[in-house]
Every structure is written in structure tokens, then in C-alpha cells.
Amino acid sequence: MSKHSPRVFSGVQPTGNLHLGNYLGAISKFVTMQHDYPSIFCVVDLHAVTVPQDPKLLKEQTREIAAAYVAAGIDPAKSIIFAQSTVSAHAELAWILSCQARIGWLNRMTQFKDKAGKDKEKASVGLYTYPVLMAADILAYKATHVPVGEDQKQHLELARDIAAKFNNDMNAEDFFPQPEPLIQGPGTRVMSLKDGTAKMSKSDPSDLSRINLTDDADTIAKKVKKAKSDADVLPSEEEGLEARPEARNLVGIYAALSGVSRADVLSEFGGQGFGALKPRLAELAVEKLAPISEEMRRLQNDRAHLDGILMDGAERADAIAAPILRETKEIMGFLVR
Ligand code: ATP
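Because the structure is a prediction, the values reported are computed rather than measured.

Q: Please explain the overall build of the protein chain as it appears in this structure.
A: Within the protein chain, the secondary structure is distributed over 13 helices and five strands. A compact globule built from 337 residues would reach a C-alpha radius of gyration of about 20 Å, and the protein chain, at 21 Å, matches this within 12%. Its C-alpha atoms give the protein chain principal-axis dimensions of about 70 × 45 × 45 Å. In the protein chain, once contacts between residues fewer than 6 apart in sequence are set aside, the share between residues at least 24 apart is 75%. Carbon together with sulfur atoms contributes 51% to the accessible area of the protein chain, which is approximately 15800 Å² in total. Each charge class in the protein chain was averaged separately, 41 positive and 45 negative side chains, and the resulting centres sit 4 Å apart.

Here's what the structure looks like:
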């Protein structure tokens, strides 16, 4: 039985183009979980700079994610919202944990392979050690539950391995918890609208590949209409989606937006074509996203308010992480001030 009391930690990178996948796979789950657990939601700007960012835009992008958290329904008085770079424990613990993580473990990370592209020698060292920083983010708070999209599953497994190795090698039984990934429901892997086989991503150069949280109703309708599909009717059973990734994706998005299962969507649309599903899907996306993007805009115009939330969050986050970091340093045998 673990001694750790439950705590949620998760984050989103301020890399612009916040999209429907981020909302369904992550932010909407944060909103639900904040009622069940003490929760910390971070804007992971140290992660963002593992690929080049324009310093003139980064602050605004950080505020954009904070605005999205609040606009989606996270209560900053109850949960902690802050920017990763404002709490030094993340970077410090990442160094300590990078001395636990093995190169062989990192070599298996598929996200590095995808993001580094063909010439891996040119990727930043930070992109390579990204998952160690993610382990530090979670373990700096001894977080026990981590709501993320499916793309982060492998990184979470690595965080568990790093925690276990630290506890074992340092003779510090159960010092760090084994953080549990929370990955459930049809919105955990939203795929690109252009190609149902790649994940919807902020860094995809094609804007038509994703629905952005800030898209207006016409843009959403246009993107859904253009989304890749086929000429067949939708099946009535889920197995019929197996060889049809684009259909599976659109049905999954519809299900996640309406809070039902794919099977429920197929019982409504089975036997009908995309001509029936797509307009309803566009309507649903607008209905869900319009109030969020409107509130995001309002919040982004009130920079002082957003910065107040982020600075208050940083203080509260630091108050939790600093003693855990101090104890970690003592376990390591460092002199502690
Ligand atoms: P980037 O393209 O800059 O790497 P991203 O779109 O992958 O960004 P992140 O900031 O890395 O987004 O992820 C934030 C959260 O959103 C994570 O929990 C991640 O699992 C989730 N997420 C990202 N993309 C998707 C997706 N397509 N479907 C479901 N969840 C997603």
C-alpha cells in the first residue's frame, strides 16, 4: 500500500495552435479531475524550448495556455496553474533524475524519433531528455495521477521506471510514488483531419490538419468538411471502423465531444454517409469550443489578471516542490542550504 496521498499533475506546452486534441485528450479531463483530487496544471515552457521558439511570442503563448485552462473551467483558486520555468525545482530535479535514467531507456522513446526527424544529430539534447524533465515535473510534487493523451503513455512509463530506480538505488523505499497515467475515452488520441494516421498536433505545419480552440464557426465548418473521409457509409458496429482510420477518427471526435462512446455514435449514424455526420460534427465542435474561445479572448485581454493567476500558482507550486527537492538532495548526499 503506497503512503502517497493522491495528487494530479499535468501540463500543456505553450507552442501555439492549441487544438481539439489538447482539449479532448488533456484539458477537458483536467476540468473533471480538479473536483476529485488536489491538482496542479502547468504550462510547460521548458518543454516548449526543446524546439526553437520565438522569445517575443513565448510569453503570450504561455498566457494563452493559462487562459485556456481557466476558460475551459479550471478554478485557479482551487487548483494550481503556473508556468514551469517559474519554479526552479523542475530543472534541478530533472538533472538529478537524468543521472538515474539510462540512455537505453531514452533511445526507445518514439516521440523523440518522430520529432527529431531524419537528422537526429541536429536535434537538441533537450528534445532527447524531454521525458526526464517530464518525470521531474510529476515527481517534484509526488503526483500520483497524470491525465494525458495516449501519445504520452510511453513517457509516463519512463517516469515510473525512473521513480522506481531512484527509490531502489538510493535505498529510499517508496520515496517517489509510481505515477498512474489516466488515459480513457475516445478523445485520448485525436488524429489529424488530413490524415487519420498521424496525431493532431500543434506543430503540424498544415492548419487544415487540426481544429484550433480559437477557430471561428466558419473555419471549423470548413475544416470538418475538408477532413479526409471515404465514400462508404458508416458501419453500425465498432469493428467496422478498424480498417478505416479517418472514419474512426471522426466518429471518435463526435463521441468525445458529446460524452458518449463510439458505439453510441454508430447506433445513430450507422448506415449513413459522412454527408450526415460531418455537418453535425461541425455544429457540435462549435457549440463546445465557441464559449471557451470567447472566454479565452476575454482573459487574454486582461494580462494583469492572467499573470496574477500564474504568479500565485508559482508560489503555491514552489511551496510543495521545494521541500520535496530538499529531501531528494539529502537522499543524494548533497550539502543542503
Ligand atoms: P506539439 O505538437 O507542440 O508537440 P502537442 O499537440 O503534441 O504539441 P502537447 O503540449 O505536447 O501537445 O500535449 C499537451 C497534452 O495534450 C498532453 O496530455 C497530450 O497527451 C495531449 N494531446 C496532444 N495531442 C493530442 C491528440 N492528438 N489527441 C489527444 N490528446 C493529445
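Q: What exactly am I supposed to notice about the site of the ligand here?
A: Around the ligand, the surrounding shell holds 23 residues, and the nearest of these are K115, D151, K199, K202 and S203. Contact between the ligand and Q13: an oxygen atom at 2.9 Å from a side-chain N or O atom of the residue. Between D151 and the ligand, the recorded distance is 2.5 Å, taken from a side-chain N or O atom to an oxygen atom. Taken by itself the ligand offers 610 Å² of open surface, and the protein chains cover 97% of this. If you map the ligand onto the pockets, it falls in the largest pocket. Elements represented by at least two residues in the shell around the ligand include exactly β1 (8-12) and α1 (20-33). Top contributing element to the shell around the ligand by residue count: α1, with four residues.

Q: Sorry, what's going on with α1 here?
A: Structural remark: α-helix, 3.6 residues per turn; residues separated by three or four positions point the same way. Spanning 14 residues, α1 covers 19 Å between terminal C-alpha atoms, matching the ideal 20 Å at 1.5 Å per step. Taken as a whole, α1 carries its principal kink of about 35° at A26. Those residues of α1 that fall on the buried side of the exposure criterion are L20, G21, N22, Y23, L24, G25, A26, I27, S28, F30, V31 and M33.

Q: Explain the pattern of salt bridges to me, please; I cannot follow it from the model alone.
A: Under the counting rule described, the total for this entry stands at 15 salt bridges. For R63, the salt bridge identified is with E60, shortest N-O distance 2.7 Å. In this pair, R63 and E60 both sit in helix α3 (residues 55-72), three residues apart, roughly one turn of the helix. Here D119 makes a salt bridge to K122, at a shortest N to O gap of 3.3 Å.

Q: Quick question: what am I supposed to make of the side chain of Q100 here?
A: Here Q100 lies in the loop between α4 (89-98) and α5 (103-107). A relative accessible area of 5% means that Q100 is categorised as buried. Discounting residues that sit within four places of it in the chain, Q100 has contacts with W105, I162, K165, F166, D169, M170 and M332.

Q: It is not clear to me how empty space enclosed by the protein should be interpreted in this structure. Could you clarify?
A: Gaps left between atoms are located by rolling a probe of water-molecule size over the structure's atoms. Scanning all chains against the criterion turns up one cavity of 30 Å³ or more. What the largest cavity holds in volume is close to 40 Å³. Around the largest cavity sit M109, Q111, F112, L127, Y128, Y130, P131 and H155, which together line it. For the lining of the largest cavity, the secondary structure elements donating two or more residues are α6 (110-116) and α7 (125-139). In terms of residue count, the dominant contributor to the lining of the largest cavity is α7 (four residues).

Q: How do you make sense of the environment of G104 when you look at a structure like this?
A: Its place among the elements puts G104 in helix α5. Each C-alpha atom, one on G104 and one on G126, is 16 Å from the other, the two residues being 22 residues apart in sequence.

Q: What is the right way to read the layout of surface pockets from this model?
A: Empty space within the largest pocket amounts to approximately 1100 Å³. Lining of the largest pocket is provided by 44 residues; of these, Q13, Q111, D151, Q152 and K199 occupy positions nearest its centre. Every element with two or more residues in the lining of the largest pocket is listed here: β1, α1, α6, α7 and β4 (145-147). In terms of residue count, α1 provides more of the lining of the largest pocket than any other element does, five residues in total.

Q: Would you take a moment to explain the confidence of the model for the protein chain for this structure?
A: Atomic detail in the predicted coordinates should be set aside for any region of low pLDDT. Across the protein chain, the average pLDDT comes to 96, with 100% of residues at 70 or higher. Complex prediction metrics read pTM 0.96 and ipTM 0.97.

Q: How should the packing of helix α9 (residues 217-226) against helix α12 (residues 274-300) be read in this particular structure?
A: How two helices pack is summed up by the angle between their axes together with the distance between the axes. As a packed pair, α9 and α12 sit with axes 9 Å apart at the nearest point and diverge in direction by 145°. Once α9 is placed against α12, the crossing between them reads as right-handed. Between α9 and α12, the residues in contact are A217, I220, A221, V224, K225 and K226 and K278, L281, A282, A285, V286 and L289, respectively. Its residues assigned to classes, the contact of α9 with α12 comprises nine nonpolar, no polar and three charged.

Cut-off values and rules
Residues numbered from 1 in each chain as written. Predicted model: local features only at pLDDT ≥ 70, side-chain atom pairs only at ≥ 80, totals over all residues. Heavy atoms only, no water. Helix = DSSP H or I, 4+ residues; strand = E, 2+ residues; numbered from the N terminus. Rg over C-alpha atoms; globule rule 2.2 N^0.38 Å. Contact = heavy atoms within 4.5 Å. Areas by Shrake-Rupley, 256 points an atom, 1.4 Å probe, with all protein chains shown as cover. Lys, Arg positive; Asp, Glu negative; His and termini not counted. Charge placed at Lys NZ, Arg CZ, Asp CG, Glu CD. Near = heavy atom within 4 Å. Polar contact = N/O pair within 3.5 Å; in protein donor to acceptor, adjacent residues only side chain to side chain. 1 Å grid on protein atoms, 1.4 Å probe; cavity = no way out; pocket = protein on both sides within 12 Å on 5 of 7 lines; lining within 4 Å. Sits in = over half its atoms within 2 Å of the grid points. Expected span 1.5 Å × (residues − 1). Bend = angle between axes of the 7 residues up to and from the residue. Buried < 20%, exposed > 50% of the residue type's maximum accessible area, 1.4 Å probe, protein only. Salt bridge = Lys/Arg side-chain N within 4 Å of Asp/Glu carboxyl O. Points joined across faces, edges and corners; volume = space filled by probe spheres on them. pLDDT = per-residue confidence, 0-100. Axes fitted to C-alpha atoms, helices over the stretch in contact; angles between N-to-C directions. Left-handed = near helix turned anticlockwise from the far one by under 90°. Nonpolar A, V, L, I, M, F, W, Y, C, P; charged D, E, K, R; others polar.

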